[in-house]
Amino acid sequence: MKQEIHLSTAKEELKRINEVLEKPHILIGGLAIQQYVSGRNSKDIDLICEHQTIKKLIEKLYPSKNYNINVIDDDEYRPSYEITHRVNTDKIVFLGPKIWEREPYMAIDWGSLAPNSKAFVYKKEEYINIRVPAMEILAFTKLISFINRVGKTPEKGKNDLIDFINLTNHVDFKINVLIDRIRIEKCEQFIQEKLKEIEYNSEIWQLSLLLDFMNIFEPILINDKTVARVAAVSADPQNLFTAENAVEFYNIISDKYDERNTNQIFETHKKIIELISNKAQKDEGIKILDIGGGTGRLVAFHFFNEKNIEWHCVEPSSGMLKNFRLNTNSSQIKYKLFNNSIFELPAEVCEHQYDVILLSCVLTSLPNDPDFAQLCGLLSKEGVFIIADIDPTYTQKRPFYDFQLQSESVTLAPRIIDPLSIIAQVLKEALHLKNVFNIEKKEGDKYSFILEFQKGD
């Protein structure tokens, strides 16, 4: 195993490169970071240059009579070289140029890194042809690099994140410059969407002053809206309903309920439909118990012609059940409706074994949890239990479900549901957690969760 290049050796090589270059070039990577973060070490020389430039550098600085050149990555646009001196074998140069001609990462234009850059400095000497981007621009490149690399090369992605945090923690870092860069590149949505996709649990984020900053102000910003809404509802409590009398609320709004539903409710239903369809395709003829089935649009829109599905619905609101009948009365699906409390299931329901039991957006409207042991006991041998509801963080931020009718406005204060508590209760009943899904709003807030449990192995 050869000894890796020392930081001082890398800087000496940069001096030689600086003298050969005919015009300024941008340096990124660890050596650039080290100009701002003294503890950063690096062996790689990441210079942004044209393909011909790197060829000339190698010809002039590393002639074959003195150096062995090992091509680590033989990619014309992403080359990587390990260069070893023939005599002084401890001297190894790692050259990983970023070729100008190649397409850069999304949101990074190589040409945009030059403004406000500064000369690389070593032992108080400025390398005028080696330019280091401004701290904030360098942090931006590290954020984009982290997003692009963490899923493919986790260790490199982790290093990118550490660099981003160390740069943004710097005493001279200007947050407005970073925000301006993100806006200039029009990549706000790109960053948000990509960060949401990344499954990356790391305590490294906890080292970030930016995170501390957000944590200080986020509760205030959220509570400001919430406090104002609480005050408005408290001033006129006549039409405020809680989980204790939610049935009355749904009776009032039942005829207009489906008009109020959001895209996120639709996406939640869409995922549930997918899970039910998977079960229906696997088993020939399935029986479904829908607890709190509402207006039945879930059935009518997606299983209208499904003759091999038998649907039993228990719905405590007579108004919602009336709309269930209207939505499904011409469908070919076999169904039975029960206008009963969820806490007192009718004997006829309890006589059956069900392939799917569905509890969709119901728990937040109940004063307490139903008897999960009883429900799980109604599952068939390999039955599926699907529980979906509003994410607790969403309910906490928006504690009221407002509904505007023609003559009045009514409001429901839903119960906050902890999915971890639900999981713990259901796992006690010899079921295993098969899938967990989250539906999110565009701004990144979690809207709902969907839990799929399976009976048997």
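Here's what I pulled together on the structure shown here. For every chain, the first residue of the written sequence is number 1, and numbering continues from 1 along that sequence. The model is predicted, so local features are restricted to residues of pLDDT at least 70 and side-chain atom pairs to those at 80 or more, both for listing and for counting; the totals for chains, interfaces and linings are taken over all residues. Each side-chain value is worked out from all heavy atoms of the structure, with water and hydrogens disregarded.

What follows concerns unusual backbone geometry. The backbone phi angle of Lys-123 is positive, close to 55 degrees, even though this residue is not glycine. Take Lys-123: it is sitting in the loop between β7 (118-122) and β8 (125-132). Type-normalised accessible area, obtained with a 1.4 Å probe on protein chains alone, sets the label of each residue: buried when under 20%, exposed when over 50%, and partly exposed for intermediate values. The exposure class assigned to Lys-123 is exposed, which follows from its relative accessible area of 67%. With a phi close to 65 degrees, Ala-430 is a non-glycine residue in the positive phi region. Comment: elements are numbered from the N terminus, with helices defined as DSSP H or I runs of at least four residues and strands as E runs of at least two. Within the secondary structure layout, Ala-430 lies in the loop between α17 (419-427) and β17 (431-440).

Let us now look at the sheet that holds strand β9 (residues 240-242). Across a sheet, paired strands are connected by hydrogen bonds in the backbone, their directions being either parallel or antiparallel. In space, the three strands of this open sheet follow the order β9-β16-β15, with mixed pairing throughout. Edge positions in the open sheet fall to β9 and β15 (401-404), since each of these has one partner strand only. Within this sheet the neighbouring strands show an average axis-to-axis angle of 20 degrees, counted without direction. Here β9 pairs with strand β16 (residues 409-413) via three bridges, running parallel. Its bridge partner lying in β16, Phe-241 is registered against Leu-412. In this fold helix α9 (residues 246-253) packs onto β9, β15 and β16, with an angle of close to 145 degrees to the strand it touches most, β16. Between any two strands, pairing holds if DSSP finds at least two bridges. Each axis is a line fitted through C-alpha atoms, taken for helices only over the stretch in contact, and angles between the N-to-C directions span 0 to 180 degrees. Contact criterion: two residues are considered in contact whenever any of their non-hydrogen atoms come within 4.5 Å of each other.

For Tyr-36, the location among the structural elements is in the loop between α2 (30-33) and β2 (44-49). Owing to a relative accessible area of 15%, Tyr-36 belongs among the buried residues under this scheme. Separated by 137 residues in the primary sequence, Tyr-36 and Phe-173 place their C-alpha atoms 9.9 Å from one another. Setting aside residues up to four positions removed in sequence, Tyr-36 forms contacts with Lys-118, Val-132, Pro-133, Ala-134, Met-135, Leu-138, Leu-167 and His-170. Separated by 2.8 Å, the side chain of Tyr-36 and the backbone oxygen of Pro-133 make a polar contact. The definition of a polar contact used here is a pair of N or O atoms within 3.5 Å, where within protein one atom must be able to donate a hydrogen and the other to accept one, and adjacent residues in sequence count solely through side-chain atom pairs.

A few words on a nonpolar patch on the surface. Patch rule: a residue counts if its relative accessible area is over 30% and it has no salt bridge; like charges are joined within 9 Å, and nonpolar side chains (Val, Leu, Ile, Met, Phe, Trp, Tyr) within 5 Å. All accessible-area figures derive from a Shrake-Rupley calculation using a 1.4 Å probe, and residue coverage is judged against the displayed protein chains alone. The working definition used for a salt bridge is a side-chain nitrogen of Lys or Arg within 4 Å of a carboxyl oxygen of Asp or Glu. On the surface, Leu-427, Leu-433 and Val-436 cluster together into a nonpolar patch covering about 220 Å² of accessible area. Of note, Leu-433 is situated in strand β17. Classification of Leu-433 by relative accessible area gives partly exposed; the value is 31%.

A word on the pattern of salt bridges. Two side chains bearing opposite charge may form a pair once their charged atoms approach each other closely. Using the criterion set out here, one finds twelve salt bridges in the structure. Notably, a salt bridge pairs Lys-15 with Glu-125, separated by 3.4 Å at the nearest N-O pair. Placement of the pair is Lys-15 in helix α1 (residues 7-20) and Glu-125 in strand β8, with a sequence separation of 110 residues. Assessed through its relative accessible area of 32%, Lys-15 is described here as partly exposed. Between Lys-142 and Asp-160 there is a salt bridge, with its nearest N and O atoms 3.2 Å apart. Placement of Lys-142 in helix α4 (residues 135-149) and of Asp-160 in helix α5 (residues 154-168) is noted, with a sequence separation of 18 residues between them. Owing to a relative accessible area of 9%, Lys-142 belongs among the buried residues under this scheme.

Right, let's talk about α5 for a bit. Take the residue count of a helix, subtract one, and multiply by 1.5 Å to get its expected span. Helix length check: α5, at 15 residues, gives a terminal C-alpha distance of 21 Å against a target of 21 Å (1.5 Å per residue), a fit within 8%. Taken as a whole, α5 has its buried residues at Gly-157, Asp-160, Leu-161, Asp-163, Phe-164, Ile-165, Leu-167 and Thr-168.

What follows covers the environment of Phe-241. Assignment of secondary structure puts Phe-241 in strand β9. For Phe-241 and Ser-365, which are 124 residues apart along the polypeptide, the C-alpha to C-alpha distance reads 9.9 Å. The contact partners of Phe-241, leaving out residues within four places of it in the chain, are Glu-248, Phe-249, Ile-252, Val-410, Thr-411, Leu-412 and Ala-413.

Pairing analysis gives five bridges linking strand β11 (residues 309-314) to strand β12 (residues 334-338), with the strands arranged parallel. Residue pairing for β12: Trp-311 is matched across the bridge by Tyr-335. For crossovers, right-handed means that the path from the first strand over the helix to the second runs clockwise, given strands pointing away from the viewer. With helix α13 (residues 318-328) bridging β11 and its parallel neighbour β12, the resulting β-α-β unit is right-handed.

Let us look at the sheet that holds β11. Read across the open sheet, the seven strands follow the order β12-β11-β10-β13-β14-β18-β17; overall the sheet is mixed. Both outer strands of the open sheet, β12 and β17, are each paired with one neighbouring strand and no more. Taking each pair of neighbouring strands and ignoring which way they run, the sheet shows an average axis angle of 15 degrees. Pairing of strand β10 (residues 286-291) with strand β13 (residues 354-360), which is carried by three bridges, proceeds in the parallel orientation. Paired with Asp-290 across the bridge in β13 is Leu-358. Seen against the sheet, helix α11 (residues 263-282) touches β10, β11, β13, β14 (379-390), β17 and β18 (446-455) and runs at an angle of roughly 15 degrees to β18.

Bringing the packing of aromatic side chains into the picture now. Ring pairs shown here join Phe, Tyr and Trp side chains whose ring centres sit within 6.5 Å, with only the six-membered ring taken for Trp; geometry is labelled stacked below 30 degrees between planes, edge-to-face above 60, and tilted in between. All told, the structure shown has 13 aromatic pairs when counted by the stated rule. Ring plane angle 40 degrees and centroid distance 5.8 Å describe the contact between Phe-303 and Trp-311, whose orientation is recorded as tilted. For the pair shown, Phe-303 and Trp-311 are each scored as buried. Taken together, a centroid distance of 4.9 Å and an interplanar angle of 75 degrees make the contact between Tyr-394 and Tyr-447 edge-to-face.

In this section: the side chain of Thr-411. Of note, Thr-411 is situated in strand β16. For Thr-411, a relative accessible area of 5% puts it in the buried group. Here the side chain of Thr-411 touches Asp-402 through a polar contact of 2.7 Å, side chain to side chain.

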